[in-house]
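Here's the letter readout for the chains.
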Amino acid sequence: EKGPGNPADECDALYEWCCSNGFDHYHDKLVQELGITSLEDILELNGNDLGDICHDLQFNNETTKQFCSIVLKYKHNVGVDSELKVWCNKNNVSEAYDKLLDLGHFTLSHLSALNSEQRQSLCRELKVGYGKKRARFLANIPSRKMRPEERQ
């Protein structure tokens, strides 16, 4: 039986998504061991979930960055914005969102955990200008510490 809500169709869509993003060899483990059986499951992942999945799939840092970036961009493309995307929009740095993902900053907690020197370096990498724009960007990064499970 074909149609929305059919588990076979949802699994096929997940397989196609995995293949189109270069993660086809992880599909079986996602489904059988991690219980991710549909694209809807991907949309429901938060930053902590992504970190856990990457750990369980034994991704190296580069593969982790790639996977998280692809998932977050997919979520954005279908209208599910992450906390980081909302923060970027709210602080008038929406153009920096994709670059943050490329640099491996997938959650607002990642930014919050940066020390002062790392935050300045991030501004340089993002090409955030000096003066009021940089001061506003830095001032709006929350100061809370990253939870241990969010560290990679």
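Residues numbered from 1 in each chain as written. Predicted model: local features only at pLDDT ≥ 70, side-chain atom pairs only at ≥ 80, totals over all residues. Heavy atoms only, no water.

Account for the pattern of salt bridges, naming residues and giving values.
The full count for this structure, using the stated rule, is 3 salt bridges. The salt bridge partner of Glu 33 is Lys 29, with a shortest N-O separation of 3.8 Å. The exposure class of Glu 33 is exposed, given its relative accessible area of 57%. Glu 95 is the partner of Lys 133 in a salt bridge, and the nearest nitrogen-oxygen pair spans 3.7 Å. With Lys 133 in helix 10 (residues 132-139) and Glu 95 in the loop between helix 6 (83-90) and helix 7 (97-102), the pair connects residues that are 38 residues apart, well separated along the chain. Here Lys 133 falls in the partly exposed class, since its relative accessible area comes to 35%. (Salt bridge = Lys/Arg side-chain N within 4 Å of Asp/Glu carboxyl O. Buried < 20%, exposed > 50% of the residue type's maximum accessible area, 1.4 Å probe, protein only. Helix = DSSP H or I, 4+ residues; strand = E, 2+ residues; numbered from the N terminus.)

Please give an account of unusual backbone geometry that cites residues and values.
A positive phi angle, near 55 degrees, is found at Gln 58, a position not held by glycine. Among the structural elements, Gln 58 can be located in the loop between helix 4 (47-56) and helix 5 (61-77). Note on Gln 58: relative accessible area 68%, which makes it exposed. For Lys 127, which is not a glycine, the phi torsion comes out positive at approximately 60 degrees. Mapped onto the fold, Lys 127 is located in the loop between helix 9 (116-126) and helix 10. Note on Lys 127: relative accessible area 72%, which makes it exposed.

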